[in-house]
Amino acid sequence: RLISGMGAKNMIEIMSSPYLNRFYKVILQSNNNHDELRRFLAEKGFSIVYEEIIEDAKKNYINIVAINASRPIEYTETEYEFGPLLIKDKNNLS
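So, here's what we can say about the structure. All figures in this text were calculated on a predicted structure; none of them were measured in a lab.

**Points about the packing of helix 1 (residues 8-15) against helix 2 (residues 34-43)**
Then comes step 1: Following both chains from N to C, one finds helix 1 and helix 2 inclined at 20°, their axes separated by 9 Å at the closest point. Relative to helix 2, the element helix 1 lies roughly parallel. Classified by chirality, the crossing of helix 2 by helix 1 is left-handed. Here A8, K9, M11, I12 and M15 of helix 1 come into contact with helix 2, specifically with E36, L37, F40 and L41.
Then comes step 2: Its residues assigned to classes, the contact of helix 1 with helix 2 comprises seven nonpolar, no polar and two charged.

**A short note on the pairing of strand 4 (residues 59-68)**
Then comes step 1: Burial of strand 4 is extensive: eight of the ten residues sit out of reach of the surface.
Then comes step 2: Note: strand 2 (residues 25-30) against strand 4, six bridges, orientation antiparallel. Bridged to I27 within strand 4 is V65.
Then comes step 3: Between the end of strand 3 (residues 46-56) and the start of strand 4, which pair antiparallel, lie two residues, with A57 showing a positive phi angle near 55°.

**Structural notes on the pattern of salt bridges**
Then comes step 1: Taken as a whole and judged by the stated rule, the model has two salt bridges.
Then comes step 2: Ionic pairing is found between R39 and E77, a salt bridge with its closest N-O pair at 3.0 Å. Taken as a pair, R39 in helix 2 and E77 in helix 3 (residues 77-82) lie far apart in primary sequence, 38 residues in all.
Then comes step 3: For R39, a relative accessible area of 27% gives the class partly exposed.

**Describing helix 1**
Then comes step 1: Residues A8, M11, I12 and M15 constitute the buried set of helix 1. When helix 1 is viewed along its axis, its buried side chains cluster within an angular range of 100° and face the same direction. Opposite its buried face, helix 1 presents the exposed residues K9 and E13, each directed more than 90 degrees away.
Then comes step 2: Buried residues belonging to helix 1 abut strand 1 (2-6), strand 2 and helix 2.

**Points about the packing of aromatic side chains**
Then comes step 1: For the coordinates displayed, the defined rule picks out one aromatic pair.
Then comes step 2: With a centroid separation of 5.7 Å and an interplanar angle of 90°, the aromatic rings of Y75 and Y80 are classed as edge-to-face. With respect to class, Y75 is no different from Y80; both count as buried.
Then comes step 3: If you follow R39 out to its NZ or CZ, it ends over the ring of Y80, 4.1 Å from the centre.

Conventions and cut-offs
Residues numbered from 1 in each chain as written. Predicted model: local features only at pLDDT ≥ 70, side-chain atom pairs only at ≥ 80, totals over all residues. Heavy atoms only, no water. Axes fitted to C-alpha atoms, helices over the stretch in contact; angles between N-to-C directions. Helix = DSSP H or I, 4+ residues; strand = E, 2+ residues; numbered from the N terminus. Parallel < 35°, antiparallel > 145°, perpendicular 65-115°, else oblique. Left-handed = near helix turned anticlockwise from the far one by under 90°. Contact = heavy atoms within 4.5 Å. Nonpolar A, V, L, I, M, F, W, Y, C, P; charged D, E, K, R; others polar. Buried < 20%, exposed > 50% of the residue type's maximum accessible area, 1.4 Å probe, protein only. Pairing = 2+ DSSP bridges. Salt bridge = Lys/Arg side-chain N within 4 Å of Asp/Glu carboxyl O. Arc of directions from axis to C-beta. Phe/Tyr/Trp six-rings, centres within 6.5 Å; stacked < 30°, edge-to-face > 60°. Lys NZ or Arg CZ within 6 Å of the ring centre and 35° of its normal.

Shape is all these values report; function is a separate question.
Shown next as structure tokens:
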């Protein structure tokens, strides 16, 4: 599934379907509340395998690819806030 161009709260509402666990991979592009989106994915058992920051018209978007790990995932508070992969790549942080 691909969901883009909206805020994390709308994405979470869409993905709150009981059928989410049927998907192996989700590709998301959120324009706000990235920490809430990461927390939701982790709670639903999706492991983030790719993250990228995109700036367009002075607004930051986060591209996230997550794979269904079929178990809850835990990240640190810092990883929820800044992204578990983005904090490892200092070139992405601004």
